[in-house]
Amino acid sequence: MTKHFTTSERFWADRRRLLGLLAGVVMASSVSLAVAQTGKETITVYTALEKEQLAPYKAAFEKAHPDVEISWLRDSPGVILARLLAEKDNPRADAVWGVPLMHLVSLEKLGMLEPYAPKEYEKLKPRFRDSKNPPSWTGMDTWMSLICFNTVEAKKRNIPAPETWADLAKPIYKGQITMPNPASSHTGYMAINHWKQSMGDKAWSFMDGLHENIALYTHSGSKPCKMAATGEYVIGISTDITSPQLKAKGAPIDIILPKDQTGWDIEATAIIKGTKKLKAAQELADFSVSKEANDQYNKFMAIVAYPGEFPTPKAYPSGAEAAMADQDLTASALDREALTTEWVKRYDGKSEPKSN
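Residues numbered from 1 in each chain as written. Predicted model: local features only at pLDDT ≥ 70, side-chain atom pairs only at ≥ 80, totals over all residues. Heavy atoms only, no water.

Now for the pattern of salt bridges. Should the charged atoms of two oppositely charged side chains come close, the side chains can pair. Tallied over the full model, the rule gives 18 salt bridges. Among the ionic pairs, Glu163 bridges to Lys259, the shortest N-O distance being 3.2 Å. Highlighted residues: Glu163 in the loop between α5 (151-156) and β6 (177-180) and Lys259 in the loop between β9 (253-256) and β10 (264-272), separated in sequence by 96 residues. In this structure, the salt-bridge partner of Lys170 is Asp167, at a minimum N-O distance of 3.0 Å. Salt bridges linked by common partners bring Lys58, Glu62 and Glu69 together as one network. (Salt bridge = Lys/Arg side-chain N within 4 Å of Asp/Glu carboxyl O. Helix = DSSP H or I, 4+ residues; strand = E, 2+ residues; numbered from the N terminus.)

Moving on, we come to the packing of helix α6 (residues 186-199) against helix α7 (residues 202-213). Following both chains from N to C, one finds α6 and α7 inclined at 135°, their axes separated by 7 Å at the closest point. One finds that α6 runs oblique with respect to α7. Counting all contacts with α6, which are made through Ile192, Trp195, Lys196 and Met199, the residues of α7 involved are Lys202, Ala203, Trp204, Phe206, Met207 and Leu210. In terms of residue class, the contact of α6 with α7 is made up of 8 nonpolar, no polar and 2 charged. (Axes fitted to C-alpha atoms, helices over the stretch in contact; angles between N-to-C directions. Parallel < 35°, antiparallel > 145°, perpendicular 65-115°, else oblique. Contact = heavy atoms within 4.5 Å. Nonpolar A, V, L, I, M, F, W, Y, C, P; charged D, E, K, R; others polar.)

Across all of its chains, the model carries 1 cavity of 30 Å³ or more by this definition. Roughly 60 Å³ of volume is contained in the largest cavity. Around the largest cavity, the lining residues are Glu114, Pro115, Tyr116, Pro118, Pro135, Ser136, Trp137, Thr138, Thr269, Ala270, Ile271 and Ala285. Among the elements that take part in the lining of the largest cavity, β10 stands out by supplying 3 residues, more than any other. Its residues placed into classes, the lining of the largest cavity shows 8 nonpolar, 3 polar and 1 charged. (1 Å grid on protein atoms, 1.4 Å probe; cavity = no way out; pocket = protein on both sides within 12 Å on 5 of 7 lines; lining within 4 Å. Points joined across faces, edges and corners; volume = space filled by probe spheres on them.)

This part covers the packing of aromatic side chains. Applying the stated criterion to the full structure yields 11 aromatic pairs. Summarising the aromatic geometry, the rings of Phe61 and Phe287 are spaced 5.7 Å apart at their centres and angled 70° between planes, so their arrangement reads as edge-to-face. On the criterion of sequence distance, the pair formed by Phe61 in helix α2 (residues 51-64) and Phe287 in helix α10 (residues 278-288) is long-range, its members being 226 residues apart. Owing to a relative accessible area of 0%, Phe61 belongs among the buried residues under this scheme. Given the relative accessible area of 3%, Phe287 is considered buried. Ring plane angle 65° and centroid distance 5.7 Å describe the contact between Trp343 and Tyr347, whose orientation is recorded as edge-to-face. With Trp343 and Tyr347 both in helix α13 (residues 336-347) and 4 residues apart, this pair spans about one turn of that helix. (Phe/Tyr/Trp six-rings, centres within 6.5 Å; stacked < 30°, edge-to-face > 60°. Buried < 20%, exposed > 50% of the residue type's maximum accessible area, 1.4 Å probe, protein only.)

In this section: the side chain of Gln176. Relative to the helices and strands, Gln176 resides in the loop between α5 and β6. Owing to a relative accessible area of 14%, Gln176 belongs among the buried residues under this scheme. Residues in contact with Gln176, not counting those within four places in the same chain, are Arg157, Ile159, Asn213, Tyr233, Val234 and Ile235.

Let us now look at the side chain of Glu267. Here Glu267 is to be found in strand β10. In this structure, Glu267 is buried with no salt-bridge partner, the nearest side chain bearing the opposite charge being Arg74 at 8.9 Å. With residues up to four places along the chain from it excluded, the contact list for Glu267 reads Leu49, Gly98, Val99, Thr138, Gly139, Met140, Asp141, Trp143 and Met301. (Lys, Arg positive; Asp, Glu negative; His and termini not counted.)

Strand β2 (residues 68-74) sits mainly inside the fold: 6 of its 7 residues count as buried. The pairing of strand β1 (residues 41-47) with β2 spans 7 bridges and is parallel. Bridge pairing in β2 places Val45 opposite Trp72. Following the backbone out of β1, through α2 and into the adjacent parallel β2, one traces a crossover that is right-handed. (Pairing = 2+ DSSP bridges. Right-handed = clockwise from strand over helix to strand, strands pointing away.)

Burial of nonpolar side chains together is a common tendency in soluble globular proteins. With 101 residues, the main nonpolar core has Leu84, Trp97, Leu104, Trp195, Met207, Leu210 and Ile237 as its most contacted residues. Tallying contributions element by element places strand β5 (residues 138-150) first for this core, with 7 residues. What Trp195 contacts, discounting residues up to four positions off in sequence, is Trp165, Met179, Gly200, Ala203, Phe206, Met207, Leu210 and Ile237. (Core = buried A, V, L, I, M, F, W, Y, C linked by side-chain atoms within 4.5 Å.)

Where burial is concerned, most of β10 is hidden: 9 out of the 9 residues are buried. Of the two faces of β10, the one holding Trp264, Ile266, Ala268, Ala270 and Ile272 and the one holding Asp265, Glu267, Thr269 and Ile271 are both buried throughout. Bridging between strand β4 (residues 113-114) and β10 involves 2 bridges; their strand directions are antiparallel. Counterpart to Glu114 in the pairing with β10 is Ile271.

By the element assignment, Lys276 lies in the loop between β10 and α10. Judged by its relative accessible area of 81%, Lys276 falls in the exposed class. Residues Lys276 and Pro91, spaced 185 residues apart in sequence, show a C-alpha to C-alpha distance of 9.7 Å.

Worth remembering: the numbers are spatial, not functional.
Written as structure tokens, this is what we have:
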């Protein structure tokens, strides 16, 4: 059952969240003081990367640049964007590394990014380069929305595998699907943004049909695939980050790239305008486009910015790059508020309660 917060509950939830944020700031300050005693420069880097990516990325950068140490502040993409916007006039981050490009486009429109062309930036594939010179951001890799399908549970329930997004609106899938709430999960937003850009106004008719089959909207982009992997639900609309990892560990899922293509975004790096540690932030930007950094990205992501042949991660679906739809990322960023507001108005009643 969906939990509805009262005004008082929202006040105390917001208060607890603020106290948590302040505690994080105090902790980060303590870390900075400790590192300052070592003679290294510490930069605060906001990120939406998965937790398991943080340690290897940090280790690789600090090995290449031993004079600089990263202090991460990690959260979901939406929370990172909200923090950066709230800190617009008093920025606390020196750089972002692993934040959706759609969010960076929003920050760029507000003049919050420091233009900088990292060394050898021009080597990157065109999709991962800002069209301006000097660029305000640099791409790292892509991630996309797809379908996790539990083959064991589907066989028990005599449910066929979907081949397209449109298939998911068919009555046979009633109560079998979970997907991320696009207002709280960027993975969810990638899905509805693709449907809106590819179907136009018909997207709402499709989402009305899909809503009839949805069992639950989650606030995590990875959770729907995890639920499909355990058999709690047959289908989860999720990402290509989580699904190959689950399948490689033996989960009885097929990873389906819909024939009508799929939505995606780029993970990107940028320097925050106003940073007092510009040189160290530029060192991070230089490293983020290097072959060495892309080798790290490729341990988790199949499609990276650096040209050339990279191994495909275990259990990763074939044909992923060809499945990426033509997409207007600037429109994707600018339409976000209106699109998610309409989505919440129509469908939020099936969302899981938010944790505080």
